[in-house]
Amino acid sequence: MKESKNFYKYPEFNNSYLKVFSIYQGKWSNEIEIPAKIDFILNIESTDQPFYALRNDDFIGEEQEYLTFYKLKLRQK
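The shown structure was predicted, so the numbers you read here are calculated from the model rather than taken from an experiment.

1. A word on the environment of Lys73
Mapped onto the elements of the fold, Lys73 is located in the segment after β7 (69–72). Residues Lys73 and Ser46 lie 27 residues apart in sequence; the distance between their C-alpha atoms is 9.8 Å. Setting aside residues no more than four positions away along its own chain, Lys73 makes contact with Asp48, Pro50 and Phe51. Within polar-contact distance, the side chain of Lys73 engages the backbone oxygen of Asp48 at 3.5 Å.

Here you go:
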């Protein structure tokens with residue numbers, strides 16, 4: 001990773017994780033890995049409701065004049 005030819009691989013190793021706390025159960029969920037193509041997660045109201053995330057244009061390598069949102073939903077394993 002220290003060589004400049006590998007700099008483009010950096011976002012693949014910069015992992016983000018999400019843990020959700022349930023007020024009703026009084027405990028934390030397992031860690032959920034957030035893909036590098038997601039930049040921000042917006043307004044999670046409930047674990048059984050869909051929520052939205054904003055695309056990370058730096059990771060994709062594109063710069064556009066509009067925003068791309070992902071609609072996501074957690075599912076229990």
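There is more to say, and it comes next.
2. Notes on the sheet that holds β7
If you trace the three strands from one edge of the open sheet to the other, you get β5-β6-β7, paired in antiparallel fashion. Either end of the sheet is taken by a strand with one partner, and the two such strands are β5 (38–42) and β7. Neighbour-to-neighbour, the strand axes of the sheet open up by a mean angle of 30 degrees, direction not taken into account. One ladder, built from four bridges, connects strand β6 (residues 51–55) with β7; its direction is antiparallel.

3. Topic: a nonpolar patch on the surface
Nonpolar side chains collect at one region of the surface, where Phe40, Leu42, Tyr52, Leu67 and Phe69 lie side by side and expose about 520 Å² of accessible area between them. We classify Tyr52 as partly exposed; its relative accessible area is 41%.

4. A few points about the pairing of β6
The element β6 is extensively covered by neighbouring structure, given that four of its five residues are classed as buried. The sheet contact formed by β5 and β6 spans four bridges and is antiparallel. Opposite Ile38, over in β6, you have Arg55 as the bridge partner.

5. Here's the deal with the layout of surface pockets
Its boundaries defined by the atoms lining it, the largest pocket holds a volume of some 970 Å³. Surrounding the largest pocket, 25 residues form its lining, Ser29, Ile32, Leu74, Arg75 and Gln76 being those nearest its centre. Within the residue set of the lining of the largest pocket, elements represented by two or more residues are β2 (21–22), β3 (27–28), β4 (32–34) and β5. In terms of residue count, β4 provides more of the lining of the largest pocket than any other element does, three residues in total. Here the lining of the largest pocket is built from residues that sort into twelve nonpolar, six polar and seven charged.

Calculation criteria
- Residues numbered from 1 in each chain as written.
- Predicted model: local features only at pLDDT ≥ 70, side-chain atom pairs only at ≥ 80, totals over all residues.
- Heavy atoms only, no water.
- Helix = DSSP H or I, 4+ residues; strand = E, 2+ residues; numbered from the N terminus.
- Contact = heavy atoms within 4.5 Å.
- Polar contact = N/O pair within 3.5 Å; in protein donor to acceptor, adjacent residues only side chain to side chain.
- Pairing = 2+ DSSP bridges.
- Axes fitted to C-alpha atoms, helices over the stretch in contact; angles between N-to-C directions.
- Patch = residues over 30% accessible without salt bridge, like charges linked within 9 Å, V, L, I, M, F, W, Y side chains within 5 Å.
- Areas by Shrake-Rupley, 256 points an atom, 1.4 Å probe, with all protein chains shown as cover.
- Salt bridge = Lys/Arg side-chain N within 4 Å of Asp/Glu carboxyl O.
- Buried < 20%, exposed > 50% of the residue type's maximum accessible area, 1.4 Å probe, protein only.
- 1 Å grid on protein atoms, 1.4 Å probe; cavity = no way out; pocket = protein on both sides within 12 Å on 5 of 7 lines; lining within 4 Å.
- Points joined across faces, edges and corners; volume = space filled by probe spheres on them.
- Nonpolar A, V, L, I, M, F, W, Y, C, P; charged D, E, K, R; others polar.

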